[in-house]
Amino acid sequence: MSSTNQLKGRIVKALSGYYYVLPAEEGPSGQTVQCRARGVFKKKGINPLVGDEVYYSLTENGEGTVEEILPRSSELIRPPVSNIDLAILVFSVTEPTLNLQLLDKFLVHIEHTGIEAVLCLSKQDLEKDGSETKEASEAAAAVNRIYSAIGYEVYGTSSRLGEGVEALHERLQGHLAVFAGQSGVGKSSLLNAIVPGLELETNAISNRLGRGKHTTRHVELIEIGGAYVADTPGFSQLDFAELGIEDLGYCFREMRELSPDCKFRVCTHVHEPGCAVLKAVEEGRIEQSRHQHYLLFMAEMKEKKRRY
């Protein structure tokens, strides 16, 4: 329990053993307090994370000590951040070409953490003389058709033209979000379009830390007007280390919904008779590509298991 001289705040940055805590009463634009964590956390094998709500006490030199970490609603291993409640998966429909297998891989990871996922089709690279390419518009239509049907929200944006940016900003309100997606899709351009001048600000932070290209090694929460975004590339290296084979089907929403109707209680949705998922694939109620990616991921997981 917090004692009377303890203050409440949120860790918004972690760097070189220091935790920068934003006092709860100060609001987003307040000054952070540079804190160390109590030694007891290390003994217990607990690491304070960016996103943690904490109780802290002030020391005589104006710094502080993190005394207690409040229960987390979610925890990501890569990037190491807690209490994220919204993941924005950013994919461009061209340059790089939209990769549905990678999109499904991201969704599996997000579903596994129990965080809500929203899809954002970044169109910043496909404006050619103000008109979309045929390939790009077909890819966007495919995503809208497949993923809206499963219940995912899909936002189309263009950072360059400012299209859809306001709607996405609106969706972020009140959330602690992470932006994820393959490199080159324009995540930073998108954030910069939401908050003009943000890019300069984050560059200034990077330069001040003197870490050059390696600034990606730290995680930071950026306030973007009514919401926080974890400024980190994080999810670039995706593997299924934290995921068990038996969890995979659960991470595909439409399979999770149908699996109670399968004949066998433990059904892999691969070859079993009376499998509700296979029946739905056959009847076109589950998208072929989704089931194919499920089979690929399962094979990848089994291969990994064999190797270790």
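Residues numbered from 1 in each chain as written. Predicted model: local features only at pLDDT ≥ 70, side-chain atom pairs only at ≥ 80, totals over all residues. Heavy atoms only, no water.

1. Section: the packing of helix α2 (residues 100–113) against helix α3 (residues 134–150)
- Where α2 meets α3, the closest approach of the two axes is 13 Å, and the angle between their N-to-C directions is 30 degrees. The orientation of α2 relative to α3 falls into the category roughly parallel. In this structure, α2 meets α3 at a crossing whose hand is right-handed. On the side of α2, the interface is formed by Leu100, Leu103, Asp104 and Leu107, while α3 contributes Val143, Ile146 and Tyr147.
- Looking at the contact of α2 with α3, its residues break down into six nonpolar, no polar and one charged. (Axes fitted to C-alpha atoms, helices over the stretch in contact; angles between N-to-C directions. Helix = DSSP H or I, 4+ residues; strand = E, 2+ residues; numbered from the N terminus. Parallel < 35°, antiparallel > 145°, perpendicular 65-115°, else oblique. Left-handed = near helix turned anticlockwise from the far one by under 90°. Contact = heavy atoms within 4.5 Å. Nonpolar A, V, L, I, M, F, W, Y, C, P; charged D, E, K, R; others polar.)

2. Examining the packing of aromatic side chains
- Applying the stated rule across the entire model yields four aromatic pairs.
- Residues Phe91 and Phe106 carry aromatic rings whose centres are separated by 5.7 Å and whose planes lie at 85 degrees to one another, so their mutual orientation is edge-to-face. Highlighted residues: Phe91 in strand β8 (residues 86–92) and Phe106 in helix α2, separated in sequence by 15 residues.
- The interplanar angle of 85 degrees and the centroid separation of 5.6 Å between the aromatic rings of Phe252 and Tyr294 together place this pair among those described as edge-to-face. Here Phe252 is found in the loop between α7 (245–248) and α8 (253–258), whereas its partner Tyr294 is found in helix α10 (residues 288–307), with 42 residues between them in sequence.
- Overall, Phe252 belongs to the buried group, its relative accessible area being 0%.
- According to the relative accessible area criterion, Tyr294 is buried, its value standing at 2%.
- Sitting over the ring of Tyr18, Arg36 keeps its end group 3.8 Å from the ring centre. (Phe/Tyr/Trp six-rings, centres within 6.5 Å; stacked < 30°, edge-to-face > 60°. Buried < 20%, exposed > 50% of the residue type's maximum accessible area, 1.4 Å probe, protein only. Lys NZ or Arg CZ within 6 Å of the ring centre and 35° of its normal.)

3. So, unusual backbone geometry
- In this model, Ser16 sits at a positive phi of 50 degrees, which is unusual for a non-glycine residue.
- By the secondary structure assignment, Ser16 is in the loop between β1 (7–15) and β2 (18–23).
- One non-glycine residue, His269, lies in the positive phi region at around 60 degrees.
- Assignment of secondary structure puts His269 in the loop between α8 and α9 (276–282).

4. Some words on the pairing of strand β4 (residues 53–58)
- Alignment of β1 against β4, held across four bridges, turns out to be antiparallel. The residue of β4 that forms the bridge with Arg10 is Glu53.
- Note that β4 and strand β5 (residues 64–69) share five bridges and pair antiparallel. Paired with Leu58 across the bridge in β5 is Gly64.
- Between the antiparallel neighbours β4 and β5 lie five residues, among them Gly62 with a positive phi of about 85 degrees. (Pairing = 2+ DSSP bridges.)

5. Quick word on the nonpolar core
- Counting 44 residues, the largest nonpolar core has Ile84, Leu89, Leu107, Leu119 and Tyr147 as the members making the most contacts within it.
- Tallying contributions element by element places α3 first for this core, with seven residues.
- Look past the residues within four positions of Tyr147 in its chain and what remains in contact with it is Leu100, Leu103, Asp104, Leu107, Leu119, Tyr152 and Arg290. (Core = buried A, V, L, I, M, F, W, Y, C linked by side-chain atoms within 4.5 Å.)

6. A look at the confidence of the model for the chain
- Per-residue pLDDT for the chain has a mean of 83; in total, 82% of the residues score no lower than 70.
- Segment residues 127–131: pLDDT under 50, and six contacts once partners within four positions in sequence are set aside and those in other chains are kept.
- Low confidence marks residues 200–216, where pLDDT is under 50. Its contacts with residues over four positions away, or in another chain, come to 13 contacts. (pLDDT = per-residue confidence, 0-100.)

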